[in-house]
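Remarks on the overall topology
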Amino acid sequence: METTYYTCLNQHCAKHRNIFLDGDSEHEHCERTVLRFDEESKRPGWLRWAVPAAALVAAVVAVQAVRRSA
């Protein structure tokens, strides 16, 4: 069974931004958002190709600089 955690978004709440479970009486009328732990560890999709592309460009620039100096 998976437990869903929420974050309180009510700025006037004494426990603003606290994490709570559904049914918590202190946050019964508060605005909330679902807290997702797995999103923090995901890398952006563009990072998969951007890092190798930058390394390739750096290698080409380095080879050209060596050729010009020789």
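Overview of the structure. (Residues numbered from 1 in each chain as written. Predicted model: local features only at pLDDT ≥ 70, side-chain atom pairs only at ≥ 80, totals over all residues. Heavy atoms only, no water.)

What about the overall build of the protein?
- The helix and strand inventory of the protein stands at two helices and three strands.
- Out of the 70 residues belonging to the protein, those deemed buried represent 11%.
- Partitioning the intrachain contacts of the protein with sequence separation of at least 6 by distance along the chain shows that 27% fall at a separation of at least 24.
- Carbon together with sulfur atoms contributes 54% to the accessible area of the protein, which is approximately 6300 Å² in total. (Helix = DSSP H or I, 4+ residues; strand = E, 2+ residues; numbered from the N terminus. Buried < 20%, exposed > 50% of the residue type's maximum accessible area, 1.4 Å probe, protein only. Contact = heavy atoms within 4.5 Å. Areas by Shrake-Rupley, 256 points an atom, 1.4 Å probe, with all protein chains shown as cover.)

Considering the side chain of Thr 7
- The residue Thr 7 is located in strand 1 (residues 5–8) in this model.
- If near-sequence neighbours (up to four positions away) are discounted, Thr 7 is found in contact with Arg 17, Asn 18, Phe 20, Glu 31, Arg 32, Thr 33 and Leu 35.

Section: the sheet that holds strand 1
- Spatially, 2-1-3 is the arrangement adopted by the three strands of the open sheet, whose pairing is antiparallel. In this open sheet, the two strands that pair with only one neighbour each are strand 2 (19–21) and strand 3 (32–35). Within the sheet, the average angular offset between the axes of one strand and its neighbour, ignoring direction, is 45°.
- In this sheet, strand 3 lies alongside strand 1 in antiparallel orientation, the contact comprising four bridges. (Pairing = 2+ DSSP bridges. Axes fitted to C-alpha atoms, helices over the stretch in contact; angles between N-to-C directions.)

Some words on the packing of aromatic side chains
- Applying the stated criterion to the full structure yields one aromatic pair.
- The residue whose ring lies beneath Arg 32 is Tyr 6, and the NZ or CZ to ring-centre distance is 5.0 Å. (Phe/Tyr/Trp six-rings, centres within 6.5 Å; stacked < 30°, edge-to-face > 60°. Lys NZ or Arg CZ within 6 Å of the ring centre and 35° of its normal.)

Focus on the nonpolar core
- Counting five residues, the largest nonpolar core is built from Tyr 6, Cys 8, Cys 13, Phe 20 and Cys 30.
- The residues touching Cys 8, leaving out its near neighbours within four places in the chain, are Cys 13, Lys 15, His 16, Arg 17, Asn 18, Phe 20, His 27, Cys 30 and Glu 31. (Core = buried A, V, L, I, M, F, W, Y, C linked by side-chain atoms within 4.5 Å.)

Structural notes on the pairing of strand 1
- Judged from the three bridges that link them, strand 1 and strand 2 form a sheet pairing that is antiparallel. When the sheet's bridge partners are listed, Thr 7 is paired in strand 2 with Ile 19.

Some remarks on a nonpolar patch on the surface
- A contiguous nonpolar surface patch, about 270 Å² in accessible area, is contributed by Tyr 5, Ile 19 and Leu 21.
- The residue Leu 21 is located in strand 2 in this model. (Patch = residues over 30% accessible without salt bridge, like charges linked within 9 Å, V, L, I, M, F, W, Y side chains within 5 Å. Salt bridge = Lys/Arg side-chain N within 4 Å of Asp/Glu carboxyl O.)

With respect to the environment of Ser 69
- Here Ser 69 shows up in helix 2 (residues 47–69).
- Engagement of the side chain of Ser 69 in a polar contact is seen with the backbone oxygen of Val 66, the distance being 3.0 Å. (Polar contact = N/O pair within 3.5 Å; in protein donor to acceptor, adjacent residues only side chain to side chain.)

Just geometry here; none of it tells us what the structure is for.
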